[in-house]
Amino acid sequence: MTQTSDLSGFTLAGHQRRLREAERLMEAEAEKGGRQGGLLARRAATLARERLALGEESFLEAQRARDAQLRMLERLHNQFDLEDLKVAREGLEQGEGDAAEVLFAELEERQRPAVSRAAWAAHQQGLLAWEALRLADARGHLERALRLEPERWSLLRDSAEILAACGDESGARRMRAKALKAAEAEFGRDSAEAAEASGRLAASEHARGDWAEAERHYRRALASDEDLLGPEAPDVAARLAALAGLLRDQGRLAEAEEALTRALRIGRGSLGEDHPEFGALLSALGGLRRAQGRLDEAAELLVEAIRVARSSVGENHPILALRLNNLAGLRRAQGFFAEAETLYKEAVKIDLEALGAHHPGTAVDMSNLAGLYEEMGVDMEAEDLFSAAEAVFREVHGPAHSLTRLAAEGRLRAARRLALEGISSPRASDTAPHGGRSSVRRGEIA
């Protein structure tokens, strides 16, 4: 039985309407949920806002996922009543996966003796729940699938992404390490799947601070992509940029410059100078120039990266906020406080509208603006912004996370100065240690 998928009812407007409804429901659940359930609901609401902010890009990704799910349904044509299949298919074509998820759940129950088939059904349920932003359900489905097939690459890969979305970065890193081994066993060491798994694991190791392991995996993924896709492919430029970021973090600036220069040459030829990914490369080189002390060159590159973002993703996109933050940080370091304030405030405004007040990216914006106000001696505004950022970081990352501590330290410093000036502050307390001024690192440059 062959069916041509019809996604004519799956529209951008409908996709965004469902995301807004999911955001509303998750925010309501976060308000009434307990500590863990409320946190997962808040993360789901944040994911909904992120997908909304991506606009058509998110819609196209959802279309691809729905097409894949429709193909999965067609494999069940001799397993279920045709009317049930029709209802599930029509639901998917409208962007609703509930009926399809019911069928996959029934199939899993029927196929328990057939381990591989049952694992496949649980995996499909997990993907549908993930698409619907039901993080706890998605995690549960994938855990069941992995108990049945613990060495399946696609299960390990998707499980790692869901763990990361749930805030379990250490669990995601371990799962990515398993996914790499599974990809090598299932497809071969030199396969595209192994390269993808190696790149994902490299990013986890980089974030954890294991630079030697991160470099090993970044270079492996880069070499594989060069062999599989060719040395001038856009994916090669992205691998080079990731490697350059790691090298810069280690202070290996000449090596980082070599990698980024090559990435820019590839990006210019394969993507064009108005592509958002080329803008990311410009921003990365701007960050490197700043680290090298070549501040005027850094500013030129970051201004150009902002221009690319405005023209390619629009005026209200988190990517633009990220680029504004990067230039603001440079201007702040140069002592151009008025310009830095304007840039930071525009970034805060964009992310508040696109991501919401509870998103950690918005909190980074607020913390950076607070740090600027602290340097300017505007302590009341600094305390308010540090306090708002601290609340988000505490909820998302926990009280011991470095971002939470930095924001708490900034809040306390501002409160103490206000007290010395005779201005009372209801937020002042001694719940966080005293520390020096800090600027939160965000995005493509440090």
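Residues numbered from 1 in each chain as written. Predicted model: local features only at pLDDT ≥ 70, side-chain atom pairs only at ≥ 80, totals over all residues. Heavy atoms only, no water.

Asker: Can you help me understand the overall build of the protein in this one?
Answerer: Scanning the protein for helices and strands turns up 20 helices and zero strands. Taken over 446 residues, the protein has a buried fraction of 50%. Put simply, 61% of the contacts in the protein that link residues at least 6 apart link residues at least 24 apart. Of the roughly 20,100 Å² that the protein leaves accessible, carbon and sulfur atoms contribute 52%. When the 62 basic and 76 acidic side-chain charges of the protein are each reduced to a single mean position, those positions are 3 Å apart. (Helix = DSSP H or I, 4+ residues; strand = E, 2+ residues; numbered from the N terminus. Buried < 20%, exposed > 50% of the residue type's maximum accessible area, 1.4 Å probe, protein only. Contact = heavy atoms within 4.5 Å. Areas by Shrake-Rupley, 256 points an atom, 1.4 Å probe, with all protein chains shown as cover. Lys, Arg positive; Asp, Glu negative; His and termini not counted. Charge placed at Lys NZ, Arg CZ, Asp CG, Glu CD.)

Asker: Can you help me understand the confidence of the model for the protein in this one?
Answerer: If pLDDT is low for a region, its predicted coordinates should not be looked at in detail. Summing up the model confidence of the protein, the mean pLDDT is 87 and the portion of residues at 70 or higher is 91%. Confidence scores differ between elements of the protein, with helix H2 (residues 35-54) showing the lowest mean pLDDT of 79 and helix H11 (residues 211-229) the highest of 97. Under a pLDDT of 50 for its full length, residues 1-8 has, in the predicted model, 14 contacts with residues more than four places off or in other chains. Every residue in residues 426-438 scores below 50 in pLDDT, and together they form 29 contacts with partners more than four places removed in sequence or on other chains. (pLDDT = per-residue confidence, 0-100.)

Asker: What am I meant to see in the packing of helix H14 (residues 276-291) against helix H16 (residues 318-334) here?
Answerer: The N-to-C vectors of H14 and H16 enclose an angle of 20°; their axes lie 11 Å apart at closest approach. It follows that H14 is roughly parallel to H16 by the angle criterion. The two elements H14 and H16 meet at a crossing, and its hand is left-handed. Contact residues: H14 offers Pro276, Gly279, Ala280, Ser283 and Arg290, while H16 offers Arg323, Asn326, Gly329, Leu330 and Ala333. When its residues are assigned to classes, the contact of H14 with H16 shows four nonpolar, four polar and two charged. (Axes fitted to C-alpha atoms, helices over the stretch in contact; angles between N-to-C directions. Parallel < 35°, antiparallel > 145°, perpendicular 65-115°, else oblique. Left-handed = near helix turned anticlockwise from the far one by under 90°. Nonpolar A, V, L, I, M, F, W, Y, C, P; charged D, E, K, R; others polar.)

Asker: Can you help me understand the packing of helix H4 (residues 82-93) against helix H5 (residues 98-110) in this one?
Answerer: Two numbers describe a pair of packed helices, the interaxial angle and the distance between the axes. The interhelical angle for the contact between H4 and H5, taken along N-to-C directions, is 135°, at an axis separation of 7 Å. With respect to H5, the axis of H4 lies oblique. Residue-level contacts link Asp84, Leu85, Val87, Ala88 and Leu92 of H4 to Ala99, Ala100 and Leu103 of H5. Considering only residue class, the contact of H4 with H5 consists of seven nonpolar, no polar and one charged.

Asker: Sorry if this is basic, but what is going on with empty space enclosed by the protein here?
Answerer: One way to see where empty space is left: roll a probe the size of a water molecule over the atoms. Going through the model one piece at a time under the given rule, you end up with one cavity of 30 Å³ or more. Looking at the largest cavity, its volume works out to about 40 Å³. As for the largest cavity, its lining consists of Arg157, Arg176, Ala179, Ala197 and Arg200. Looking at the lining of the largest cavity, the elements that each hand over two or more residues are helix H9 (169-187) and helix H10 (192-208). Among the residues making up the lining of the largest cavity, the classes are represented as two nonpolar, no polar and three charged. (1 Å grid on protein atoms, 1.4 Å probe; cavity = no way out; pocket = protein on both sides within 12 Å on 5 of 7 lines; lining within 4 Å. Points joined across faces, edges and corners; volume = space filled by probe spheres on them.)

Asker: Looking at this structure, how should I read the nonpolar core?
Answerer: Soluble globular proteins tend to bury their nonpolar side chains together. Leu133, Leu135, Trp153, Leu156 and Met175 are the most contacted members of the largest nonpolar core, which totals 37 residues. Mapped by element, the contributors of at least two residues to this core are helix H1 (12-32), H2, helix H6 (115-131), helix H7 (135-148), helix H8 (153-165), H9 and H10. Broken down by element, the residue count for this core peaks at eight residues, all from H8. Core analysis: the second largest hydrophobic core is formed by 34 residues, Ala321, Leu327, Val348 and Ala389 among them. (Core = buried A, V, L, I, M, F, W, Y, C linked by side-chain atoms within 4.5 Å.)

Asker: What am I meant to see in the pattern of salt bridges here?
Answerer: Where charged atoms from two side chains of opposite charge approach closely, those side chains can pair. Tallying each qualifying case throughout the model produces 47 salt bridges. In this structure, Arg200 engages Glu161 in a salt bridge whose closest nitrogen and oxygen atoms are separated by 3.0 Å. Placement of the pair is Arg200 in helix H10 and Glu161 in helix H8, with a sequence separation of 39 residues. Given the relative accessible area of 31%, Arg200 is considered partly exposed. Note on Glu161: relative accessible area 25%, which makes it partly exposed. (Salt bridge = Lys/Arg side-chain N within 4 Å of Asp/Glu carboxyl O.)

Asker: I keep staring at the layout of surface pockets and nothing clicks. Help me out?
Answerer: Computed from the structure, the second largest pocket encloses a volume of approximately 430 Å³. At seven residues, H1 tops the list of elements feeding residues into the lining of the second largest pocket. Of the residues in the lining of the second largest pocket, the class split is eight nonpolar, three polar and eight charged.

Asker: Where do I start with a negative patch on the surface in this structure?
Answerer: A cluster of acidic residues, Asp81, Glu83, Asp84 and Glu90, forms a negative patch at the surface. By secondary structure assignment, the location of Asp84 is in helix H4. (Patch = residues over 30% accessible without salt bridge, like charges linked within 9 Å, V, L, I, M, F, W, Y side chains within 5 Å.)

Asker: Help me out: how do you make sense of the environment of Glu304 in this one?
Answerer: Positionally, Glu304 belongs in helix H15 (residues 295-312). Placed 263 residues apart in sequence, Glu304 and Ala41 show a C-alpha to C-alpha distance of 38 Å. A polar side-chain atom of Glu304 sits 2.8 Å from a polar atom in the side chain of Arg307. (Polar contact = N/O pair within 3.5 Å; in protein donor to acceptor, adjacent residues only side chain to side chain.)

Asker: Is there a simple way to think about the packing of aromatic side chains in this case?
Answerer: Given two aromatic rings, their pairing is described by the distance between the two centres and the angle made by the two planes. Evaluation of the coordinates by the stated rule reveals two aromatic pairs. With 5.5 Å between their ring centres and 80° between their planes, Phe104 and Trp120 make a pair best called edge-to-face. Pair noted here: Phe104 is in helix H5 and Trp120 is in helix H6, with a separation of 16 residues, a long-range link. Using a relative accessible area of 1% as the deciding quantity, one classes Phe104 as buried. By relative accessible area, which is 13% here, Trp120 ends up buried. Summarising the aromatic geometry, the rings of Trp153 and Phe187 are spaced 5.4 Å apart at their centres and angled 85° between planes, so their arrangement reads as edge-to-face. Of this pair, Trp153 sits in helix H8 while Phe187 sits in helix H9, placing them 34 residues apart in sequence. The residue whose ring lies beneath Arg51 is Trp130, and the NZ or CZ to ring-centre distance is 5.2 Å. The cationic tip of Arg157 hangs over the ring face of Trp153; the distance from NZ or CZ to the ring centre is 4.5 Å. (Phe/Tyr/Trp six-rings, centres within 6.5 Å; stacked < 30°, edge-to-face > 60°. Lys NZ or Arg CZ within 6 Å of the ring centre and 35° of its normal.)

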